[in-house]
Amino acid sequence: MRVAHPLETPSMVTDPSSAEIQLSGREAALVGSAYRVISRQGVHRTSLQDIADDADVSKGLLLYHFKSKDQLLLTTMRWALLRTASRIRENIAQVDDHPAGAVEALIDAVFIGAQQNRDFYLLYLDLVEHAARAPSFSDLSVLTSTIINGLYAEILREGQSRGLFDITDVDEAAATMRAHIDGVFVNWLQQHDWRAAYPRYRAMALNGLLRLLNIK
């Protein structure tokens, strides 16, 4: 799913249920710098000055657009999640009425390349750990559930209406889908040969979803 340009104003960061994200050109560049630096260095080893240096701006300008490091982190995470959600929607929209094809399209949208997925999940897991220790960052769990669980539930309900999936509890199935995919990525990240192992773990994610949804 390709989110052409997920947009959101920094002021909306405190409302993680909002799926919209609107960024000016300067703000989009700052979020891109935050994504690159944090993926490379980790949340706790990254300062606002590091991000400002990557973006070639002053720390004061960074704080003008994002009032705190946590606000910038939440905006960056929402931007990354909405890019994923957009890719998934675009892929699913191109699938005919075949359940296995719909699942394959979802996996294609999530597994976009070894380095890209590594960057995203290192950022994501860092922010999950940060949220568990920083009460001010607790909006992250609402943010991820709203965007990702909500998206999977949306796909499952649409699939039900088209006769693709036979699901009893859509919300539970959506949460299980997310848990399965996240679990596969967490295990993959721990492989020393993560590049070579990537296709194997992609197949693991696909086969697990096919079993979950009872698709032969």
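Residues numbered from 1 in each chain as written. Predicted model: local features only at pLDDT ≥ 70, side-chain atom pairs only at ≥ 80, totals over all residues. Heavy atoms only, no water.

In the annotation of an unreviewed UniProt entry, the protein is listed under the name HTH tetR-type domain-containing protein and assigned to Fodinicola feengrottensis.

Asker: Describe the pattern of salt bridges, listing the residues and the values that go with them.
Answerer: Counted according to the given criterion, the structure contains seven salt bridges. The salt bridge partner of Arg36 is Asp54, with a shortest N-O separation of 2.8 Å. Of the two residues, Arg36 is situated in helix H1 (residues 25–41) and Asp54 in helix H2 (residues 48–55); the sequence distance between them amounts to 18 residues. What makes Asp54 partly exposed here is its relative accessible area of 31%. Residue Arg89 is joined to Glu154 by a salt bridge in which the shortest nitrogen-to-oxygen separation is 2.8 Å. (Salt bridge = Lys/Arg side-chain N within 4 Å of Asp/Glu carboxyl O. Helix = DSSP H or I, 4+ residues; strand = E, 2+ residues; numbered from the N terminus. Buried < 20%, exposed > 50% of the residue type's maximum accessible area, 1.4 Å probe, protein only.)

Asker: I'd love a proper account of the packing of aromatic side chains, names of residues and values included.
Answerer: Counted under the stated rule, the structure contains ten aromatic pairs. A centroid spacing of 4.3 Å and a plane angle of 25° characterise the contact between Tyr121 and Phe185, whose relative ring orientation is stacked. A residue pair is termed long-range when its members are at least 10 positions apart, and Tyr121 in helix H6 (residues 114–133) and Phe185 in helix H8 (residues 170–189) qualify at 64 residues. On the accessibility criterion, Tyr121 (5% relative accessible area) is buried. Residue Phe185 is classed as buried on the basis of its relative accessible area of 1%. Aromatic rings pair up to connect Phe111, Phe120, Tyr121, Tyr124, Phe185, Trp188, Trp194 and Tyr198 into one cluster. (Phe/Tyr/Trp six-rings, centres within 6.5 Å; stacked < 30°, edge-to-face > 60°.)

Asker: An account of the UniProt feature "domain: HTH tetR-type" (unreviewed entry) in the protein is requested, with residue identities and associated values reported.
Answerer: Here, the residues flagged by UniProt with the feature "domain: HTH tetR-type" (unreviewed entry) are residues 24–84. Summarising residues 24–84: 79% helix, 0% strand, and an end-to-end C-alpha distance of 20 Å. (UniProt positions renumbered as here; feature names shortened; annotations may be inferred.)

Asker: So, the nonpolar core: which residues are in play, and what are the values?
Answerer: Ile88, Leu106, Tyr152, Phe165 and Trp188 are the most contacted members of the largest nonpolar core, which has 74 residues in total. Broken down by secondary-structure element, the contributors of at least two residues to this core are H1, H2, helix H4 (69–93), helix H5 (99–110), H6, helix H7 (139–161), H8 and helix H9 (194–212). By residue number, the principal contributor to this core is H4, which donates eleven residues. Once you skip the residues sitting within four places of it in the chain, Trp188 turns out to touch Ala114, Asn117, Arg118, Trp194, Ala197, Tyr198 and Tyr201. (Core = buried A, V, L, I, M, F, W, Y, C linked by side-chain atoms within 4.5 Å. Contact = heavy atoms within 4.5 Å.)

Asker: Could you give an account of H4, naming the residues involved and the relevant values?
Answerer: Look at H4: 36 Å from first C-alpha to last across 25 residues, which is about the 36 Å you get at 1.5 Å a residue. By the criterion of burial, H4 is predominantly enclosed, with 20 of the 25 residues buried. (Expected span 1.5 Å × (residues − 1).)

Asker: I'd like a rundown of H5, residues and numbers included.
Answerer: For H5, with twelve residues, the first-to-last C-alpha span of 17 Å sits near the 16 Å given by 1.5 Å per residue. Buried residues of H5: Ala102, Val103, Ala105, Leu106, Ile107, Ala109 and Val110, and no others. Structurally, H5 contributes buried residues whose contacts are with H4, H6, H7, H8 and H9.

Asker: Please provide a residue-by-residue account of the confidence of the model for the protein, values included.
Answerer: In the predicted model, the protein carries a mean pLDDT of 85, and the fraction of residues at 70 or more is 90%. Taking the mean pLDDT of every element in the protein, the minimum, 86, falls on H7 and the maximum, 97, on H9. Per-residue pLDDT stays below 50 along residues 1–19; that stretch engages in 64 contacts with residues further than four places along the chain or on separate chains. (pLDDT = per-residue confidence, 0-100.)

Asker: Can you tell me about the environment of Asp50, naming the residues and giving the values?
Answerer: The residue Asp50 is located in helix H2 in this model. Residue contacts for Asp50: discarding those within four places in its chain leaves Val37, Gln41 and Arg45. A polar side-chain atom of Asp50 sits 3.4 Å from a polar atom in the side chain of Gln41. There is a polar contact of 3.0 Å between the side chain of Asp50 and the backbone nitrogen of Ser47. (Polar contact = N/O pair within 3.5 Å; in protein donor to acceptor, adjacent residues only side chain to side chain.)

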